[in-house]
Amino acid sequence: MVETNKIETLRWVGGFDGHLVMIDQTQLPGELIELECRDIDTVFEAIQMLRVRGAPAIGIAGAYGVLIGIQSDFDSVSALKIQLARTCDYLAESRPTAVNLFWALNRMRRTPDEFPTDDVIELKNALLKTAVEIHEEDRQMCHAIGQHGADLLANVDSFLTHCNAGGLATAEYGTALSVFFTCHDRGRKIKVYVDETRPLLQGARLTTWELMQHGIDTTLICDSMAAQVMREGRIEAIVTGADRIARNGDAANKIGTYSLAVLARHHGIPLYIAAPSSTFDLSLPDGDGIPIEERRAEEITHGFGRPTAPEGVHVYNPAFDVTPSDYIEAIITERGVIHEVNEDNVLSVLGIC
Ligand code: MRU
């Protein structure tokens, strides 16, 4: 297992004509390899193939990707704006569920209206500033989520999490994992069980790696063991991230989260979602409208290369599911905790009403 003191999931190198460097997460935990993105197709492929993944990190990669898509010379601001729109439309096709991607692309799209100018270089610099702000804001949101979560869960010592909502999925520190890191930083001895997270093993490959780097007591289980582990009384609370949260608090996250929520209710264990305000999609009244990404059959039939199913078998591979709001004990955001998850409380904690 490779070790690093500081994980920098994504970084932008240079000015508006620079390039994006990201950790290639498909190679972890075996190898820590950085991927340089100097053209828009490389960024698109990196998002689609989960070299960069996790809702906030996809948004940040999308914002920097836009900069790469507008690096040619333009003889007018209107020509630049046309290419900006094209680039945003293209990157929006890379993955459908995490709303942070669309949120970040929309901020890039709006930048010319917020910084009106006739100068191409000035507009490119304004777009760079927006992308850097998106990155920096995420860093701050993650740390704030950790503080709120550690306050809320001050008396919980044993957790379960699913997929990876850590530093690798964000600018830094993560959402669900930020809660654990912050508990640990406060000197608390916590224990975290991690679902391996079929089929792409983000839990086994990435979350255990991050937690162990931080010195947290970490135990890996297969997804199918969660019920037994709960029944044995080993879990006091479940904390996961989210990819898109509707107005009423229904939350999409990695496939298997909804199963955990149902199991948690049966065993009387609270399930918390930790997510920044950029993960809320207030245009959707509830989770029914959240688009669920369907991924390639090979992720199941040829897990990491070797065939594990008969050729020609029918496969259904939804990458996310939606946990209804009434299965969620609370949502931890950077603006505070949404207790009793419903539309009024979502809007009030987000400061919309
Ligand atoms: O398919 P992935 O690996 O991008 O899925 C990621 C998740 O489901 C995370 O839990 C979610 O994006 C929250 S990341 C802070």
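Residues numbered from 1 in each chain as written. Predicted model: local features only at pLDDT ≥ 70, side-chain atom pairs only at ≥ 80, totals over all residues. Heavy atoms only, no water.

Draft legend 1. Focus on the overall build of the chain. Counting secondary structure elements, the chain contains 11 helices and 14 strands. For 353 residues, the compact-globule estimate of 2.2 N^0.38 gives 20 Å, and the C-alpha radius of gyration of the chain, at 20 Å, lies within 12% of that figure. Seen through its principal axes, the chain has C-alpha atoms that stretch 65 × 55 × 40 Å. Sequence-distant contacts in the chain: of pairs separated by 6 or more residues, those separated by 24 or more amount to 75%. (Helix = DSSP H or I, 4+ residues; strand = E, 2+ residues; numbered from the N terminus. Rg over C-alpha atoms; globule rule 2.2 N^0.38 Å. Contact = heavy atoms within 4.5 Å.)

Draft legend 2. Examining the site of the ligand more closely. Close to the ligand lie 19 residues, the nearest being R53, A55, R95, N253 and K254. Within the backbone of A55, a nitrogen or oxygen atom sits 2.8 Å from an oxygen atom of the ligand. With respect to the ligand, the side chain of D243 contributes an N or O atom lying 2.9 Å from an oxygen atom. Summarising the interface, the protein chains cover 100% of the accessible area of the ligand, which totals 420 Å² for the free molecule. (Near = heavy atom within 4 Å. Polar contact = N/O pair within 3.5 Å; in protein donor to acceptor, adjacent residues only side chain to side chain. Areas by Shrake-Rupley, 256 points an atom, 1.4 Å probe, with all protein chains shown as cover.)

Draft legend 3. View of the domain arrangement of the chain. In terms of domains, the chain is made up of domain 1 (10–140) and domain 2 (145–350). Tallying the contact residues gives 26 residues for domain 1 and 29 residues for domain 2. Roughly 2,300 Å² of surface becomes buried between domain 1 and domain 2 when both sides are summed, with 54% attributable to carbon and sulfur atoms. When residues of domain 1 are sorted by the area they lose upon contact with domain 2, R53, T97 and V99 head the list and together hold 27% of the total. On inspection of domain 1 and its partner domain 2, the count reaches 2 salt bridges. Here R95 makes a salt bridge to E293, at a shortest N to O gap of 2.8 Å. If you look at where domain 1 meets domain 2, you find 16 residue pairs in polar contact (both at pLDDT 80 or more). Mapped by element, the contributors of at least two residues to the side of domain 1 that touches domain 2 are α2 (55–69), α4 (99–114) and α5 (120–152). (Domains from an automatic or database assignment. Buried area = accessible area lost by both parts, 1.4 Å probe. Salt bridge = Lys/Arg side-chain N within 4 Å of Asp/Glu carboxyl O.)

Draft legend 4. Region of interest: the side chain of N253. With respect to the element layout, N253 can be found in strand β9 (residues 251–254). If we ignore the near neighbours within four places in the chain, the residues touching N253 are T240, G241, A242, D243, F320 and D321.

Draft legend 5. Spatial organisation of the sheet that holds β9. Across the sheet, which stays open at both edges, the 4 strands sit in the order β11-β8-β9-β12 with mixed pairing between neighbours. Two strands lie at the open edges of the sheet, namely β11 (280–281) and β12 (320–323), each paired on one side alone. Where strand β8 (residues 244–246) meets β9, 2 bridges bridge the pair, whose relative direction is antiparallel. Bridging from a neighbouring strand, I245 pairs with A251 of β9. In the packing of helix α9 (residues 257–267) onto the sheet, contacts are made with β9 and β12, and the angle to β12 comes to roughly 35 degrees. (Pairing = 2+ DSSP bridges. Axes fitted to C-alpha atoms, helices over the stretch in contact; angles between N-to-C directions.)

Draft legend 6. Here's a closer look at the sheet that holds strand β6 (residues 217–221). An order of β6-β5-β4-β7-β10-β13-β14 is seen for the 7 strands of this open sheet, with the pairing classed as mixed. The open sheet has two edge strands, β6 and β14 (336–339), and neither has a second partner. Across this sheet, the average inter-strand angle for adjacent strands is 25 degrees, counted without regard to direction. Of the pairings in the sheet, the one linking strand β13 (residues 330–333) to β14 comprises 4 bridges and is antiparallel in character. Directly across from T333, in β14, lies its bridge partner G336. Against the sheet, helix α11 (residues 343–350) contacts β13 and β14, and its axis sits at roughly 170 degrees relative to β14.

Draft legend 7. The arrangement of the packing of helix α1 (residues 40–48) against helix α3 (residues 77–91) in detail. Running from N to C, α1 and α3 cross one another at 25 degrees; their axes reach a closest spacing of 10 Å. As the angle between them shows, α1 and α3 are arranged roughly parallel. As for the relative orientation of α1 and α3, their crossing is right-handed in sense. Taken together, the residues of α3 that come into contact with α1 (itself represented by I40, D41, V43 and F44) are T87, Y90 and L91. (Parallel < 35°, antiparallel > 145°, perpendicular 65-115°, else oblique. Left-handed = near helix turned anticlockwise from the far one by under 90°.)

Draft legend 8. Spotlight on α4. The first and last C-alpha atoms of α4 sit 22 Å apart over 16 residues, in line with the 22 Å expected at 1.5 Å per residue. Looking at α4, one finds that the buried residues are V99, N100, L101, A104, L105, R107, M108, T111 and P112. Check the buried side of α4 and you find it contacts α2, α3, α5, β8 and β11. (Expected span 1.5 Å × (residues − 1). Buried < 20%, exposed > 50% of the residue type's maximum accessible area, 1.4 Å probe, protein only.)

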